[in-house]
Amino acid sequence: MNIVFMGTPDFAVPCLRALLEDGHRVSLVVTQADKPKGRGHRLTAPPVKELALTSGIPVFQPATLKNGEAAERIAAARPELIVVVAYGKILPPAILSLPPEGCINVHGSLLPRYRGAAPIQWAVLNGETETGVTTMRMDAGLDTGDMLLSSRLAIPPDMTAGELYDALADEGAVLLSRTLREMVARTLRAVPQPAEGATYAPMLDRSLSPMDWRKPASVLHNQVRGLNPWPSATTVVAGRRMKVHHSRVGDGAAAEPGRIVKLNPFTVSCGENTSLELLEIQAEGSKRMPAPDYFRGHPVKLGDSLDSGSDD
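For clarity, every value in this text was computed on a predicted model and none was experimentally measured.

Engineer: Before we move on, could you go through the overall build of the chain and cite the residues and values that matter?
Structural biologist: The secondary structure content of the chain amounts to eight helices and 16 strands. The principal-axis extent of the C-alpha atoms belonging to the chain is close to 65 × 45 × 35 Å. Here the chain holds 312 residues, and the buried ones make up 49% of them. For the chain, the share of sequence-separated contacts (at least 6 apart) that also reach a separation of at least 24 residues comes to 65%.

Listed below in C-alpha coordinates is the structure:
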(Lines give C-alpha, C1' and ligand atoms only; values in the text may rest on other atoms or scores of the structure.)
Protein backbone atom coordinates (compact mmCIF):
# COMPACT_ATOMS: atom_id res chain seq x y z
CA MET A 1 0.00 0.00 0.00
CA ASN A 2 1.31 3.49 -0.88
CA ILE A 3 1.22 5.59 2.29
CA VAL A 4 1.96 9.16 3.33
CA PHE A 5 3.05 9.18 6.97
CA MET A 6 2.49 12.25 9.15
CA GLY A 7 4.18 12.31 12.56
CA THR A 8 6.77 14.17 14.60
CA PRO A 9 8.04 12.91 18.00
CA ASP A 10 9.57 9.69 19.36
CA PHE A 11 6.07 8.28 19.87
CA ALA A 12 5.56 8.09 16.09
CA VAL A 13 8.87 6.40 15.24
CA PRO A 14 7.86 2.78 15.99
CA CYS A 15 4.78 3.18 13.78
CA LEU A 16 6.82 4.45 10.83
CA ARG A 17 9.32 1.65 11.35
CA ALA A 18 6.49 -0.90 11.43
CA LEU A 19 5.12 0.34 8.11
CA LEU A 20 8.51 -0.11 6.49
CA GLU A 21 9.07 -3.54 8.04
CA ASP A 22 5.61 -4.65 6.88
CA GLY A 23 6.54 -3.84 3.28
CA HIS A 24 4.36 -0.80 2.72
CA ARG A 25 5.65 1.93 0.43
CA VAL A 26 5.97 5.17 2.39
CA SER A 27 6.29 7.70 -0.41
CA LEU A 28 6.40 10.83 1.76
CA VAL A 29 6.87 11.74 5.40
CA VAL A 30 5.27 14.96 6.62
CA THR A 31 6.63 16.28 9.91
CA GLN A 32 7.00 19.53 11.79
CA ALA A 33 9.91 21.94 11.42
CA ASP A 34 13.33 21.43 13.00
CA LYS A 35 13.46 23.18 16.38
CA PRO A 36 16.24 24.51 18.63
CA LYS A 37 17.09 22.22 21.53
CA GLY A 38 19.37 22.12 24.55
CA ARG A 39 21.46 24.84 26.11
CA GLY A 40 23.12 25.65 22.80
CA HIS A 41 19.73 25.93 21.06
CA ARG A 42 21.04 23.73 18.26
CA LEU A 43 18.53 23.20 15.47
CA THR A 44 17.38 19.58 15.79
CA ALA A 45 15.33 17.46 13.41
CA PRO A 46 12.21 15.68 14.70
CA PRO A 47 12.81 11.97 15.41
CA VAL A 48 10.46 10.97 12.57
CA LYS A 49 12.50 13.02 10.10
CA GLU A 50 15.69 11.30 11.21
CA LEU A 51 14.23 7.84 10.53
CA ALA A 52 12.78 8.98 7.20
CA LEU A 53 16.10 10.34 5.96
CA THR A 54 18.03 7.21 6.98
CA SER A 55 15.37 5.15 5.17
CA GLY A 56 15.57 7.23 1.99
CA ILE A 57 12.05 8.67 2.27
CA PRO A 58 11.37 12.24 1.06
CA VAL A 59 10.51 14.63 3.91
CA PHE A 60 8.10 17.58 3.78
CA GLN A 61 8.01 20.11 6.64
CA PRO A 62 5.27 22.63 5.89
CA ALA A 63 4.88 25.66 8.14
CA THR A 64 1.12 25.30 7.79
CA LEU A 65 -1.39 22.84 6.38
CA LYS A 66 -3.97 25.54 5.74
CA ASN A 67 -2.82 26.69 2.32
CA GLY A 68 -2.97 24.76 -0.92
CA GLU A 69 0.76 23.98 -1.03
CA ALA A 70 0.61 21.23 1.61
CA ALA A 71 -2.37 19.49 0.00
CA GLU A 72 -0.73 19.68 -3.44
CA ARG A 73 2.55 18.19 -2.19
CA ILE A 74 0.77 15.33 -0.42
CA ALA A 75 -1.51 14.72 -3.41
CA ALA A 76 1.56 14.48 -5.66
CA ALA A 77 2.66 11.41 -3.66
CA ARG A 78 -0.61 9.70 -4.69
CA PRO A 79 -1.26 8.07 -1.32
CA GLU A 80 -3.80 5.31 -1.00
CA LEU A 81 -3.80 6.00 2.74
CA ILE A 82 -2.50 8.67 5.12
CA VAL A 83 -1.31 7.46 8.53
CA VAL A 84 -1.10 10.11 11.26
CA VAL A 85 0.72 9.54 14.56
CA ALA A 86 1.30 12.49 16.90
CA TYR A 87 1.79 14.91 14.03
CA GLY A 88 0.85 17.88 16.20
CA LYS A 89 -1.52 19.79 13.92
CA ILE A 90 -5.14 19.31 12.87
CA LEU A 91 -5.56 18.13 9.28
CA PRO A 92 -7.84 20.32 7.14
CA PRO A 93 -10.61 18.77 5.00
CA ALA A 94 -8.54 19.23 1.83
CA ILE A 95 -5.99 16.72 3.15
CA LEU A 96 -8.44 14.41 4.92
CA SER A 97 -10.29 13.84 1.64
CA LEU A 98 -7.20 13.09 -0.48
CA PRO A 99 -6.55 9.33 -0.13
CA PRO A 100 -9.13 6.77 -1.31
CA GLU A 101 -8.62 4.71 1.86
CA GLY A 102 -8.91 7.80 4.08
CA CYS A 103 -6.74 8.86 7.00
CA ILE A 104 -5.96 6.67 10.01
CA ASN A 105 -4.72 7.97 13.35
CA VAL A 106 -2.95 6.10 16.15
CA HIS A 107 -4.02 7.70 19.45
CA GLY A 108 -2.55 6.98 22.88
CA SER A 109 -5.73 6.34 24.83
CA LEU A 110 -8.85 4.20 24.92
CA LEU A 111 -11.19 6.53 23.07
CA PRO A 112 -13.43 8.34 23.67
CA ARG A 113 -11.50 9.03 26.88
CA TYR A 114 -8.58 11.44 26.71
CA ARG A 115 -9.03 12.99 23.32
CA GLY A 116 -6.48 15.72 22.68
CA ALA A 117 -2.78 16.51 22.92
CA ALA A 118 -1.62 14.79 26.13
CA PRO A 119 -3.66 11.60 26.70
CA ILE A 120 -0.80 9.59 28.16
CA GLN A 121 0.21 12.16 30.74
CA TRP A 122 -3.35 12.87 31.88
CA ALA A 123 -4.09 9.19 32.33
CA VAL A 124 -1.21 9.07 34.84
CA LEU A 125 -2.08 12.42 36.43
CA ASN A 126 -5.60 11.18 37.05
CA GLY A 127 -4.41 7.92 38.59
CA GLU A 128 -5.83 5.62 35.93
CA THR A 129 -4.88 1.96 36.31
CA GLU A 130 -5.45 1.12 32.65
CA THR A 131 -5.13 2.87 29.31
CA GLY A 132 -4.29 1.80 25.79
CA VAL A 133 -4.04 2.71 22.12
CA THR A 134 -6.82 3.21 19.59
CA THR A 135 -6.67 3.36 15.80
CA MET A 136 -9.42 5.44 14.22
CA ARG A 137 -10.58 6.90 10.94
CA MET A 138 -9.99 10.62 11.07
CA ASP A 139 -12.68 13.23 10.60
CA ALA A 140 -12.75 17.00 11.00
CA GLY A 141 -13.14 16.82 14.79
CA LEU A 142 -10.46 16.48 17.46
CA ASP A 143 -10.00 12.71 17.89
CA THR A 144 -13.70 12.11 17.24
CA GLY A 145 -13.49 9.72 14.27
CA ASP A 146 -14.85 6.19 14.13
CA MET A 147 -12.77 3.68 16.09
CA LEU A 148 -11.10 0.74 14.35
CA LEU A 149 -9.05 -1.34 16.80
CA SER A 150 -7.83 -0.88 20.36
CA SER A 151 -5.29 -2.44 22.69
CA ARG A 152 -5.31 -2.20 26.49
CA LEU A 153 -2.32 -1.71 28.79
CA ALA A 154 -2.16 -1.71 32.59
CA ILE A 155 -0.56 1.27 34.36
CA PRO A 156 1.47 0.09 37.39
CA PRO A 157 1.22 2.42 40.43
CA ASP A 158 4.79 3.74 40.07
CA MET A 159 4.99 4.01 36.27
CA THR A 160 5.83 7.49 34.99
CA ALA A 161 4.23 9.17 32.00
CA GLY A 162 7.55 8.84 30.16
CA GLU A 163 7.65 5.09 30.74
CA LEU A 164 4.02 4.73 29.67
CA TYR A 165 4.72 6.86 26.60
CA ASP A 166 7.43 4.44 25.46
CA ALA A 167 5.26 1.38 26.15
CA LEU A 168 2.30 2.81 24.23
CA ALA A 169 4.52 3.85 21.32
CA ASP A 170 5.53 0.22 20.85
CA GLU A 171 1.97 -0.99 21.40
CA GLY A 172 0.73 1.54 18.84
CA ALA A 173 3.07 0.14 16.20
CA VAL A 174 1.75 -3.39 16.77
CA LEU A 175 -1.83 -2.15 16.59
CA LEU A 176 -1.17 -0.17 13.40
CA SER A 177 0.26 -3.26 11.71
CA ARG A 178 -2.81 -5.24 12.67
CA THR A 179 -5.12 -2.45 11.51
CA LEU A 180 -3.56 -2.31 8.06
CA ARG A 181 -3.57 -6.10 7.70
CA GLU A 182 -7.30 -6.11 8.37
CA MET A 183 -7.78 -3.15 6.03
CA VAL A 184 -6.04 -4.98 3.19
CA ALA A 185 -8.09 -8.11 3.94
CA ARG A 186 -11.28 -5.99 4.01
CA THR A 187 -12.20 -7.32 7.46
CA LEU A 188 -11.76 -3.99 9.26
CA ARG A 189 -14.91 -2.56 10.82
CA ALA A 190 -15.32 1.03 12.04
CA VAL A 191 -17.39 1.77 15.15
CA PRO A 192 -18.63 5.29 16.03
CA GLN A 193 -17.32 6.65 19.31
CA PRO A 194 -19.96 6.70 22.06
CA ALA A 195 -21.08 10.13 23.13
CA GLU A 196 -20.90 9.16 26.79
CA GLY A 197 -17.59 9.06 28.60
CA ALA A 198 -15.65 11.38 26.31
CA THR A 199 -12.93 13.38 28.09
CA TYR A 200 -10.28 15.84 26.90
CA ALA A 201 -6.53 15.85 27.61
CA PRO A 202 -5.13 19.37 27.04
CA MET A 203 -1.47 20.19 26.51
CA LEU A 204 0.74 20.31 29.59
CA ASP A 205 2.38 23.47 30.84
CA ARG A 206 4.45 24.56 33.84
CA SER A 207 1.39 25.85 35.71
CA LEU A 208 0.72 22.18 36.59
CA SER A 209 4.12 21.78 38.30
CA PRO A 210 3.79 23.27 41.84
CA MET A 211 2.94 20.64 44.46
CA ASP A 212 0.16 21.59 46.88
CA TRP A 213 1.00 19.70 50.06
CA ARG A 214 -2.58 20.01 51.27
CA LYS A 215 -3.54 17.35 48.74
CA PRO A 216 -3.36 13.63 49.63
CA ALA A 217 -0.08 11.84 48.96
CA SER A 218 -1.66 9.64 46.27
CA VAL A 219 -2.66 12.72 44.26
CA LEU A 220 0.81 14.25 44.60
CA HIS A 221 2.44 10.95 43.64
CA ASN A 222 0.34 10.90 40.46
CA GLN A 223 1.41 14.48 39.80
CA VAL A 224 5.08 13.50 40.07
CA ARG A 225 4.55 10.50 37.77
CA GLY A 226 2.35 12.31 35.27
CA LEU A 227 4.71 15.27 34.83
CA ASN A 228 7.81 13.09 34.41
CA PRO A 229 9.77 13.82 32.22
CA TRP A 230 8.20 17.23 31.47
CA PRO A 231 7.45 19.71 32.93
CA SER A 232 8.14 17.95 36.28
CA ALA A 233 6.45 18.42 39.64
CA THR A 234 8.15 21.13 41.73
CA THR A 235 8.44 22.27 45.32
CA VAL A 236 10.54 24.73 47.31
CA VAL A 237 12.81 23.61 50.14
CA ALA A 238 14.76 26.16 52.20
CA GLY A 239 14.04 28.80 49.58
CA ARG A 240 15.34 26.69 46.69
CA ARG A 241 13.06 25.41 43.96
CA MET A 242 13.52 21.80 42.93
CA LYS A 243 12.01 19.27 40.60
CA VAL A 244 10.69 16.00 42.01
CA HIS A 245 11.37 13.19 39.53
CA HIS A 246 10.36 10.14 41.58
CA SER A 247 8.27 9.64 44.69
CA ARG A 248 6.49 6.98 46.73
CA VAL A 249 3.43 7.15 48.95
CA GLY A 250 4.60 6.88 52.56
CA ASP A 251 3.00 6.00 55.88
CA GLY A 252 0.37 8.02 57.67
CA ALA A 253 1.47 11.36 59.13
CA ALA A 254 -0.37 13.59 61.55
CA ALA A 255 1.77 16.69 60.94
CA GLU A 256 0.63 19.85 59.21
CA PRO A 257 0.85 19.39 55.40
CA GLY A 258 4.22 20.33 53.93
CA ARG A 259 6.33 19.47 57.00
CA ILE A 260 9.42 17.26 56.82
CA VAL A 261 8.59 14.22 58.96
CA LYS A 262 11.55 11.97 58.07
CA LEU A 263 15.00 12.60 56.57
CA ASN A 264 15.80 9.14 55.18
CA PRO A 265 13.74 8.43 53.21
CA PHE A 266 13.02 12.14 52.83
CA THR A 267 9.33 12.30 53.69
CA VAL A 268 6.85 15.17 53.67
CA SER A 269 3.45 15.25 55.33
CA CYS A 270 0.47 15.71 53.01
CA GLY A 271 -3.26 16.27 53.25
CA GLU A 272 -5.62 13.78 54.89
CA ASN A 273 -2.85 12.61 57.28
CA THR A 274 -0.77 11.04 54.50
CA SER A 275 2.87 11.42 53.54
CA LEU A 276 5.02 11.33 50.41
CA GLU A 277 8.59 10.11 50.11
CA LEU A 278 10.70 12.15 47.70
CA LEU A 279 13.07 9.65 46.11
CA GLU A 280 14.81 11.61 43.36
CA ILE A 281 15.03 15.39 43.10
CA GLN A 282 16.86 18.06 41.17
CA ALA A 283 17.56 21.46 42.67
CA GLU A 284 17.95 24.43 40.33
CA GLY A 285 21.42 24.37 38.84
CA SER A 286 22.13 20.87 40.14
CA LYS A 287 22.03 17.31 38.83
CA ARG A 288 19.33 14.76 39.53
CA MET A 289 20.11 12.76 42.65
CA PRO A 290 18.53 10.75 45.46
CA ALA A 291 16.91 13.14 47.94
CA PRO A 292 18.92 11.91 50.99
CA ASP A 293 22.18 12.55 49.08
CA TYR A 294 21.15 16.11 48.29
CA PHE A 295 20.09 16.92 51.83
CA ARG A 296 23.34 15.60 53.31
CA GLY A 297 25.01 18.55 51.61
CA HIS A 298 22.10 20.94 52.20
CA PRO A 299 20.91 20.16 55.72
CA VAL A 300 17.29 20.63 56.75
CA LYS A 301 15.57 19.77 60.01
CA LEU A 302 12.58 17.68 60.93
CA GLY A 303 9.56 19.95 61.05
CA ASP A 304 10.86 22.36 58.41
CA SER A 305 8.20 23.36 55.93
CA LEU A 306 8.13 23.00 52.12
CA ASP A 307 6.41 25.53 49.92
CA SER A 308 4.52 24.84 46.71
CA GLY A 309 6.35 27.64 44.94
CA SER A 310 3.18 28.61 43.07
CA ASP A 311 2.15 32.19 42.42
CA ASP A 312 -1.18 31.77 44.21
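Now, onward.
Engineer: Give me the packing of helix 1 (residues 13-21) against helix 2 (residues 47-54): which residues, what numbers.
Structural biologist: Helix 2 packs onto helix 1 with a crossing angle of 25° between their chain directions and a minimal axis gap of 9 Å. As summarised for this structure, helix 1 and helix 2 are arranged roughly parallel, according to the angle between their axes. Between helix 1 and helix 2 lies a crossing whose hand is right-handed. Between helix 1, through V13, L16 and R17, and helix 2, the contact on the second element is made entirely by P47, V48, L51 and A52. A breakdown of the residues in the contact of helix 1 with helix 2 according to their chemical character gives six nonpolar, no polar and one charged.

Engineer: So what's going on with the side chain of E277? Which residues, and what values?
Structural biologist: Turning to its location among the elements, E277 is positioned in strand 14 (residues 274-283). Since its relative accessible area comes to 11%, E277 is described here as buried. Only 2.7 Å separates the side chain of E277 from the side chain of R248, close enough to count as a polar contact. Ignoring sequence-local partners within four residues, the contact set of E277 consists of H246, S247, R248, G250, P265, F266 and T267.

What counts as what
- Residues numbered from 1 in each chain as written.
- Predicted model: local features only at pLDDT ≥ 70, side-chain atom pairs only at ≥ 80, totals over all residues.
- Heavy atoms only, no water.
- Helix = DSSP H or I, 4+ residues; strand = E, 2+ residues; numbered from the N terminus.
- Buried < 20%, exposed > 50% of the residue type's maximum accessible area, 1.4 Å probe, protein only.
- Contact = heavy atoms within 4.5 Å.
- Axes fitted to C-alpha atoms, helices over the stretch in contact; angles between N-to-C directions.
- Parallel < 35°, antiparallel > 145°, perpendicular 65-115°, else oblique.
- Left-handed = near helix turned anticlockwise from the far one by under 90°.
- Nonpolar A, V, L, I, M, F, W, Y, C, P; charged D, E, K, R; others polar.
- Polar contact = N/O pair within 3.5 Å; in protein donor to acceptor, adjacent residues only side chain to side chain.

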